[in-house]
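# What the coordinates show
The chain contents come next:
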Amino acid sequence: MLEYLEKLVNKIVIGASAGGIAAIRTILSGLTVLNSCSLIIVLHRMKNVESQLHELFQRFTTIPILEVSDKMKLEMGKIYIAPANYHLLFEKEGSFCLEADYRVNHSRPSIDVSFESAALAFGSSVCGILLSGANEDGAHGLKRIANHGGSIVVQEPSEAEFSKMPLSGLKENPDGTIMTLNEIINYIQFIQ
Amino acid sequence: MLPLKSDEIQVFLKGLKLNFSLDFTEYSEASVHRRLSRVCEQLECDDLEELTQRLESDTNLLIEFLDQFTVNVTEMFRDPFFFQKLLPFLELEVKKDYCIWYPGCASGEEILSLAILLHRVKKLNYCKFTGTDLNEKVLERATKKWVKRRHIADYQRAFSQVTGDFDLLQYFEDDHSQELRLKKFVELKADYEVHDLVSLYWEKGPFDLIVCRNVLIYFNKELQDKVFSFLIDKLKIGGVIAFGSRESVFFCKSYNQLEVLDRDARIFRKIG
Ligand SMILES: C[S@@+](CC[C@H](N)C(=O)[O-])C[C@H]1O[C@@H](n2cnc3c(N)ncnc32)[C@H](O)[C@@H]1O
């Protein structure tokens with residue numbers, strides 16, 4: 001764990017797909033504070049459904065959760081959810097940027113796109129976490145985060161409801177740290 | 001994704017501005033980075049220097065570059081709830097010579113969507129559309145009033161969310177090709193022309209309705225502010241303007257000239 005402390009992670013980007021809602025619920029329920037970092041959630045979701053995911057998640061934590069709109073500022077102590085139908089990118093000066101571009105890995109938002117952009121914008125202050133999912137989005141982006149000096153974490157595949165995404169994450173990133181949801185909670189609390 | 005350096009990107013964009021009068025210097029940096037590395041890959045350039053050289057030696061390449069650099073993704077009835085919210089206002093307000101501007105219309109699927117909805121409430125013959133975009137290649141497609149067959153199932157679903165009716169195909173000519181063309185009985189009067197919003201100038205207008213969705217998101221905050229004011233200037237007092245559902249227009253300087261008609265759908269009226 002010490003190694004992470006040294007890297008001064010203050011932006012955590014979580015990618016998830018099938019089985020992701022339950023996993024994220026577990027994480028949010030376990031978090032008590034989020035003082036010196038921001039948490040960004042990129043979840044594959046249904047197209048053209050005006051879903052109120054942030055309101056759903058808000059029931060499980062007192063930490064404020066916002067659905068991202070374009071050019072919104074990233075602030076410490078807040079949780080952000082990528083909106084449906086846009087790719088979520090990051091500007092160096094610490095704000096979000098949305099793109100209405102083609103799907104990547106059949107997904108918009110795509111986890112790869114957000115991970116890559118976070119790596120470019122924030123380098124070693126990012127931690128990418130890949131959770132349950134039934135496709136391979138995110139694996140490539142994790143690698144970009146690692147290449148730019150960031151930290152990478154993959155959910156213990158045997159614990160994930162759908163193991164394909166964590167497994168492909170590990171296949172492309174054999175050095176990635178494997179954690180259970182509980183360990184992920186502890187890790188997020190620890191980097192405060 | 002090809003990693004590019006910030007300062008190289010700036011040099012490249014300045015070159016474009018100087019040599020081709022295309023100004024992307026105030027576009028969002030994260031997005032520009034992603035677009036440029038994709039263009040380099042597609043045009044098989046190792047870096048921006050090579051791309052610059054090729055653009056300088058082959059003038060035809062510029063149109064191709066623009067086509068790939070701009071994000072032209074659009075669809076029919078994107079965000080069905082937006083059309084649901086907009087339609088009641090139009091039903092009440094559209095009268096003779098109602099002028100509609102669609103800046104950044106890409107290949108025009110949104111214009112076709114609105115035209116069909118207006119046709120259904122018998123208001124389309126009062127309307128005149130102008131679709132503009134920076135990318136002349138997509139505009140050429142827009143003039144054809146085509147939609148792609150492979151997307152029709154998605155469009156039907158979205159259409160039924162807006163109208164409760166599933167039969168979108170009644171409005172399209174089907175000659176079993178890849179493209180379906182809008183039928184003639186939907187009498188859509190539309191002009192399409194190349195226009196660059198960054199120029200902050202246009203001789204046309206003012207308009208009764210401006211729909212500019214998912215275009216300002218490509219600009220940085222300063223440019224968003226300028227283009228936003230420009231759009232408001234092109235709107236008649238009492239006219240309606242709409243943006244994409246996740247756009248942050250609330251912080252723009254000219255925002256106080258607007259009254260909110262629907263906050264979530266980003267539909268506003270000009271009051272001053
Ligand atoms: C993602 S598309 C939006 C299409 C449509 N309005 C929609 O929401 O489905 C963005 C469009 O903005 C156009 N665009 C980008 N910069 C522009 C500029 N400076 N002036 C005019 N159009 C521009 C692009 O060429 C592209 O077609």
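Keep in mind the model is a prediction, meaning the values are calculated, not measured.

## A short note on the site of the ligand
Around the ligand there are 23 residues in total, and Y27(B), T74(B), R78(B), D133(B) and D196(B) lie nearest to it. With respect to the ligand, its neighbouring residues span chains A and B. Here an oxygen atom of the ligand and a side-chain polar atom of D133(B) are 2.6 Å apart. Relative to its unbound accessible surface of 600 Å², the ligand loses 99% to contact with the protein. Class assignment of the residues belonging to the shell around the ligand gives a composition of eleven nonpolar, seven polar and five charged.

## Here's the deal with the domain arrangement of chain B
Residue and element names in this part refer to chain B. Under the domain assignment, chain B is made up of domain 1 (6–69) and domain 2 (80–145 + 184–270). Distance from the C-alpha centre of domain 1 to the C-alpha centre of domain 2: 28 Å. With eleven residues of domain 1 in contact, the opposing surface of domain 2 contributes 13 residues. Taken together, both faces of the contact between domain 1 and domain 2 bury some 1,100 Å²; the carbon and sulfur share is 54%. When the buried surface of domain 1 facing domain 2 is broken down by residue, E26, Y27 and D67 rank first, second and third, together holding 50% of it.

## A look at the state of the cysteines
Residue and element names in this part refer to chain B. A complete count under the given rule lists zero disulfides over all chains for this structure. The cysteine C105 is free of any disulfide, with C212 supplying the nearest cysteine sulfur at 10 Å. C105 sits in the buried class, given a relative accessible area of 3%.

## So, the pattern of salt bridges
Across all of its chains, the model carries 31 salt bridges over all chains by this definition. A salt bridge links R35(B) to E99(A); the nearest nitrogen and oxygen atoms lie 3.7 Å apart. Placement of the pair is R35(B) in helix α2 (residues 29–42) and E99(A) in strand β6 (residues 95–99), with the two residues belonging to separate chains. Exposure remark for R35(B): the relative accessible area of 2% places this residue in the buried category. Look at E99(A) and you get buried, because its relative accessible area is 0%.

## Concerning the environment of S6(B)
If you trace the backbone, S6(B) turns up in helix α1 (residues 6–20). By relative accessible area, which is 29% here, S6(B) ends up partly exposed. Separated by 24 residues in sequence, S6(B) and A30(B) have C-alpha atoms that sit 9.9 Å apart. When sequence neighbours within four positions are dropped, the list of residues in contact with S6(B) reads K92(A) and E29(B). Among the polar contacts made by the side chain of S6(B), one reaches the side chain of K92(A) at a distance of 3.0 Å.

## Observations regarding the packing of aromatic side chains
Residues and elements named next belong to chain B. Under the counting rule described, the total for this entry stands at 24 aromatic pairs over all chains. A ring pair is formed by F65 and F69, whose centres lie 5.5 Å apart and whose planes are at 20°; its orientation type is stacked. One end of the pair, F65, and the other, F69, are both in helix α4 (residues 61–69), four residues apart, so they sit about a helical turn from each other. Judged on exposure class, the residue F65 and its partner F69 are both buried. An aromatic cluster is defined as three or more aromatic residues linked by ring pairs; in this entry it consists of F12, F24, Y27, F65, F69 and F219. The ring of F82 has R213 lying over it, and the distance from NZ or CZ to the ring centre is 3.9 Å. Over the ring of F250 we find R263; its NZ or CZ atom is 3.9 Å from the centre of that ring.

## What to know about the confidence of the model for chain B
Within chain B, residue pLDDT values average 95, and 100% of them lie at 70 or more. For this predicted complex, the interface score ipTM comes out at 0.94, while the overall pTM is 0.95.

## A closer look at the interface of chain A and chain B
Across the contact, 29 residues belong to chain A and 36 residues belong to chain B. Taken together, both faces of the contact between chain A and chain B bury some 2,600 Å²; the carbon and sulfur share is 44%. Run the count over chain A and chain B and you get eight salt bridges. The salt bridge partner of E99(A) is R34(B), with a shortest N-O separation of 2.3 Å.

Cut-off values and rules
Residues numbered from 1 in each chain as written. Chains lettered and ligands numbered in written order. Predicted model: local features only at pLDDT ≥ 70, side-chain atom pairs only at ≥ 80, totals over all residues. Heavy atoms only, no water. Near = heavy atom within 4 Å. Polar contact = N/O pair within 3.5 Å; in protein donor to acceptor, adjacent residues only side chain to side chain. Areas by Shrake-Rupley, 256 points an atom, 1.4 Å probe, with all protein chains shown as cover. Nonpolar A, V, L, I, M, F, W, Y, C, P; charged D, E, K, R; others polar. Domains from an automatic or database assignment. Contact = heavy atoms within 4.5 Å. Buried area = accessible area lost by both parts, 1.4 Å probe. Disulfide = S-S within 2.5 Å. Buried < 20%, exposed > 50% of the residue type's maximum accessible area, 1.4 Å probe, protein only. Salt bridge = Lys/Arg side-chain N within 4 Å of Asp/Glu carboxyl O. Helix = DSSP H or I, 4+ residues; strand = E, 2+ residues; numbered from the N terminus. Phe/Tyr/Trp six-rings, centres within 6.5 Å; stacked < 30°, edge-to-face > 60°. Lys NZ or Arg CZ within 6 Å of the ring centre and 35° of its normal. pLDDT = per-residue confidence, 0-100.

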